[in-house]
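The primary structure of each chain is shown beneath.
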Amino acid sequence: MALDDRKSDFTFVGTRPNRPDGLDKVTGRAKFGADISAPGMLHGAVLRSPHAHARIVKIDASKAEAHKDVKAIVTRADFADVPFRPGLEGEFYNVLENVMAGEKALYDGHAVAAVAATSALAARDALKLIEVEYEVLPHVTDVDKAMTPDAPVIREGAADYSVPEGMHPNVVRYHESGHGDVEAGFADADLVIEDSFVTEATHQGYIEPHACLGMLGNDGKGELWCTTQGHWIAQKTCAALLGIETSQLRVTASEIGGGFGGKTTVFIEPVALALSRKANRPVKVVMTRSEVFRATGPTSSASMDVKIGMKKDGTISAAQGVFRLQGGAFPGAPGDMTAMCAFAPYNLNNVKQIGYDVMSNRPKQAAYRAPGAPMGAFAVESVIDELCNKLGLDPVDVRLKNAAHEGTKASYGPTYERIGLVETLEAAKAHPHYAAPLKPGQGRGISCGFWFNHGGETSVSLALSEDGSAQLMVGTPDIGGSRASMALMAAEVLGIAYENIRVTVADTATLGYNDVSHGSRVTYASGLATIKAAKHAVEKLCERAAAKWGIPVDAVKWENGCAVPSGPNAGDFDPMPLADITADMGSTGGPISGHFEATPEGAGVSFGTHIVDAEVDPETGKTSVTRYTVIQDAGKAIHPTYVEGQFQGGAAQGIGWALNEEYVYGEDGRLQNSIFLDYRIPVASDLPMIDTVIVEVPNPGHPFGVRGVGETGIVPPLAAIANAVSNAAGVRMKQLPMSPPRILAALKDNG
Amino acid sequence: MSKLHVSTTVNGDAVEYLCDPRETLLDCLRDKLNLTGAKEGCGTGDCGACSVTVDGRLVCSCLMLGVEAEGKQIETVEGIADGDVLHPLQQKMIEYAALQCGICTPGILVAAKSLLEKNPNPTEEETRYWLAGNLCRCTGYDKIIRAVMDTAAELREAS
């Protein structure tokens, strides 16, 4: 959309009304994934491999089948024969392999069989009656070890064309990009620092476990209710895995209890449908927390080498990074994303980045909020901090000196349109937090962060009712208040009250295809679609008014919820409110609706800058975050309170990633900490208030200037906290999480 | 295993159910009484999404057996509002946008109400420690803490 079409004066946008689904969510009546049942419903449960890598020799389910409460058992043979193709080309095959193991169990927790029984207890009991004979194979769970020549091969032939010859078969994708001459740039530097960094795998940690209710008949028609970030991708994937037509499966998204990228694929949904098809009854499957940790999307762990050269005045003369990401037993670790995002905040003449996607015997990684970007930022921003310390330069000034701006050739290729990084850095410099004195034992850290943001396929439908109210149907599950922002944008165009718009997350049978609620795309893309759909309806409203007045339609314009005559030949008529036009729309041409179906492509990249103060206890190694400020470009904040919420949530997840959270695997390849007691996410008493500054540099690609805000907020925290901790402790922390034992060890090594 | 008969009181209503001795109070509330407001986030008492009060004491209903509810007074999120009038905590949670996905909200509300009944004037630190058993992954707790403390202030003024 053209820049000159962008609106800048708003009536509704930028206000902070209560969310439309607030009442449901505070009274317990909102229906989440596990909050549904159906007549005749069975309960499903999944048997999972206790081995990190094992050939499945034989599955004997005869004892379970004979049990009176058991109505169906499924194994891989009950799914469609989806073809194998290398790399991510064969993603349906990868998902099927993950949903139900084929010849091999590939990680601790990998599904190998499932049962449906008359109660949840009976289903769990029946799992114990299934006998699986395994031939245990050597395993590898570490990314660097998985690349060594003698590492066990997870799957032959999984690598795609991008991987250079001679690499281990566990390396399945390779990315290289950049520009300029890094060697010349390093030669030009006054100081070059090269270092290696490690981050551990973390889980998205949504509080709602995966849950679904499936019904599939032998006529190939089905219904699925599930907690998901995208019910069209669930529809498409389940249909492929079960060998039915996509359109014959209607999927309804429940309220979703958090996703953060982890609910963008399917796990138990095809299993519930396969069980249902066999039992001819509805089947509900709900994961336990332990299943969530063992078998659903952790993020990738990473091993990284970064080298940056800087001149005495703070100019970065060259930057280079190698990023090795481990994504579990399937292709898909975002090594390419890590590489592309790592240096994206900076205007560099010489930059080179390499990313590896490496398989290991861990669960299939899933997207986690700006997937891949936080790790790279940790490594890069740590080296920049060290350069600033060594050269005696201010970390914000150095970032301002090198900051990308409109017209900069990005490290990953394209040339930036209008972006707001400089504005976030200037806001950081002006913020009282940056000038506040530190107490002894405290350190301050700064980091910038970048994320692409995403558009994606989007369908929206808006229907006006006779009484002048509007119903808006969107296809992106509301994960954090998006119903409110959609209603605000529709109200802005229609000129009717926010409260008169009912926003519904439509099922797959009601609306055209919608990409997942991911990529920070909902407020951008569903928002753009809502604006366009509302404008489409307004065009029709103007046509009806023109007909009533007997004037040409181009002599009618829409203002404040009314058709008004416009121009010299329009005549003199009183404004005609929307409700007056809809009141008799049945007899003036029929129902009035607006639609939008397209793939918006102007998502607009996003930047943020975080300031963190941390205090390290030298006796226990415990870190306390004492002050935190998030500054991020939102383009235009539709509902500022929910924008703040995204900033705060990203920071809090980043604090967990930086300080506590990690997947711990034993020598046996089994996950050691699969409950919240042992995998500790931040609790209320761990955190300070999180201050926010919303910067608004409008996105040229959205009619109101919106940039997505969901993901960028988790990019800077790992580095900002590591910089704060390193400055507080006086030793550079190169491995996350910076748990007390790691900090104590670093302090000891440092003498 | 045969089922056991339980008579108890939930949100002031006398109720009965039959349950397996292994089923938790949370299972019974959700599956037998259709009170699905309390959520199972972990099943190990670590997340607080299943918080209810039993005879006035805040508990994780996933850690208590259904049979242990015999003769008790149980309060769940469904009983917090007074008819169609929301409790001030519920109102403030909405106003402060103290929920994003909303899955932890029922547990937070039950726990926060319990806090304010015991301590009408909690400090920020007391509020944070009281709610430390209720995991929220979306908000970073900032708006939740503010909503609870503002509710406390409003209730103190009203009393």
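Provided above is the structure to which this section pertains.
Treat the numbers as computed from the prediction; the structure is a model and nothing was measured.

Student: For this particular structure, what's the right way to read the overall build of chain A?
Tutor: Secondary structure assignment for chain A yields 21 helices and 26 strands. Computed over its C-alpha atoms, the radius of gyration of chain A comes to 27 Å, within 12% of the 27 Å expected for a compact globule of 751 residues. Its C-alpha atoms give chain A principal-axis dimensions of roughly 85 × 75 × 50 Å. Expressed as a percentage of the 751 residues in chain A, the buried residues total 65%.

Student: Is there a simple way to explain the pairing of strand S4 (residues 57–60) of chain B in this structure?
Tutor: Taken residue by residue, a regular strand's side chains alternate between the two faces of the sheet. Residues and elements named next belong to chain B. Relative to S4, strand S3 (residues 51–54) runs antiparallel, the two sharing 4 bridges. Bridge pairing in S4 places Val 54 opposite Arg 57. The turn joining S3 and S4, which pair antiparallel and follow one another in sequence, is formed by 2 residues; a positive phi near 50° is taken by Asp 55.

Student: Any chance you could explain the sheet that holds strand S18 (residues 470–474) of chain A here in plain terms?
Tutor: Across a sheet, strands are paired by hydrogen bonds formed along the backbone, either parallel or antiparallel in direction. Residues and elements named next belong to chain A. Read from one edge to the other, the open sheet built from 4 strands follows the order S19-S18-S17-S23, with strand pairing classed as mixed. Here the strands that pair on one side only, and so sit at the sheet edges, are strand S19 (501–505) and strand S23 (593–598). Going across the sheet, the axis of each strand differs from the next one's by a mean of 15°, ignoring polarity. Of the strand pairs in this sheet, S18 and S19 are connected by 5 bridges, and their pairing is parallel. For Met 473, the partnering residue across the bridge sits in S19 and is Thr 504. Relative to the sheet, helix H15 (residues 482–494) contacts strand S17 (458–464), S18 and S19, its axis offset from that of S19 by approximately 135°.

Student: Would you mind going over helix H11 (residues 373–391) of chain A with me for this structure?
Tutor: In an α-helix there are 3.6 residues to a turn, and that puts residues three or four apart on one side. Residue and element names in this part refer to chain A. Look at H11: 27 Å from first C-alpha to last across 19 residues, which is about the 27 Å you get at 1.5 Å a residue. The buried fraction of H11 is high, at 16 of 19 residues. Looking at the residues trailing H11, positive phi occurs at Gly 392, about 65°.

Student: Can you walk me through the packing of aromatic side chains in this structure?
Tutor: Think of a pair of aromatic rings as described by two things: how far the centres are apart, and how the planes are tilted against each other in angle. Residue and element names in this part refer to chain A. Within the structure shown, the criterion is met by 19 aromatic pairs over all chains. Their ring planes at 85° and their centres at 5.1 Å tell us that Tyr 412 and Phe 452 sit as a pair that is edge-to-face. Within this pair, whereas Tyr 412 is found in the loop between helix H12 (395–402) and helix H13 (421–430), its partner Phe 452 is found in the loop between strand S16 (442–451) and S17, the two being separated by 40 residues in sequence. Cluster of aromatic residues (ring-pair linked, three or more members): Tyr 412, Tyr 416, Phe 450, Trp 451, Phe 452 and Phe 607. If you follow Arg 289 out to its NZ or CZ, it ends over the ring of Phe 293, 5.8 Å from the centre. Residue placement shows Lys 307 over the ring face of Phe 186; its charged tip is 4.4 Å from the ring centre.

Student: What's the story with the pattern of salt bridges in this structure? I'm lost.
Tutor: When the charged atoms of two side chains lie near each other, side chains of opposite charge can form a pair. Residues and elements named next belong to chain A. Following the criterion strictly, the structure yields 53 salt bridges over all chains and no others. For the salt bridge of Asp 313 with Lys 401, the shortest nitrogen-to-oxygen distance reads 4.0 Å. One end of the pair, Asp 313, is in the loop between strand S13 (301–310) and strand S14 (316–326); the other, Lys 401, is in helix H12, and 88 residues separate them in sequence. One salt-bridge network, held together by shared partners, links Arg 19, Asp 21, Lys 25, Glu 255, Asp 478 and Arg 483.

Student: Would you mind showing me how to read the sheet that holds S4(B) here?
Tutor: Residues and elements named next belong to chain B. An order of S2-S1-S5-S3-S4 is seen for the 5 strands of this open sheet, with the pairing classed as mixed. Only two strands of the sheet have a single neighbouring strand rather than two, namely strand S2 (13–19) and S4. Between one strand axis and the next, the sheet turns by 40° as a mean value, whatever way the strands run. Both strand S1 (residues 4–10) and strand S5 (residues 73–75) contribute to a ladder of 2 bridges, which runs parallel. Bridging from a neighbouring strand, Thr 9 pairs with Gln 73 of S5.

Student: Is there a simple way to explain the nonpolar core in this structure?
Tutor: All names here are of chain A. Core analysis: the largest hydrophobic core is formed by 178 residues, its most contacted members being Ile 308, Phe 343, Tyr 416 and Met 738. Top element by residues in this core is H11. It accounts for 10 residues. The residues contacting Ile 308, other than those within four sequence positions of it, are Phe 186, Leu 191, Val 192, Ile 193, Ile 316, Ala 318, Ala 319, Phe 343, Val 380, Val 383, Ile 384 and Leu 387. If you look at the next biggest cluster of nonpolar residues, it comprises 53 residues, including Val 522, Ala 570, Ala 603 and Ile 638.

Definitions and limits used
Residues numbered from 1 in each chain as written. Chains lettered and ligands numbered in written order. Predicted model: local features only at pLDDT ≥ 70, side-chain atom pairs only at ≥ 80, totals over all residues. Heavy atoms only, no water. Helix = DSSP H or I, 4+ residues; strand = E, 2+ residues; numbered from the N terminus. Rg over C-alpha atoms; globule rule 2.2 N^0.38 Å. Buried < 20%, exposed > 50% of the residue type's maximum accessible area, 1.4 Å probe, protein only. Pairing = 2+ DSSP bridges. Axes fitted to C-alpha atoms, helices over the stretch in contact; angles between N-to-C directions. Contact = heavy atoms within 4.5 Å. Expected span 1.5 Å × (residues − 1). Phe/Tyr/Trp six-rings, centres within 6.5 Å; stacked < 30°, edge-to-face > 60°. Lys NZ or Arg CZ within 6 Å of the ring centre and 35° of its normal. Salt bridge = Lys/Arg side-chain N within 4 Å of Asp/Glu carboxyl O. Core = buried A, V, L, I, M, F, W, Y, C linked by side-chain atoms within 4.5 Å.

Any link to function would need more than the numbers given here.
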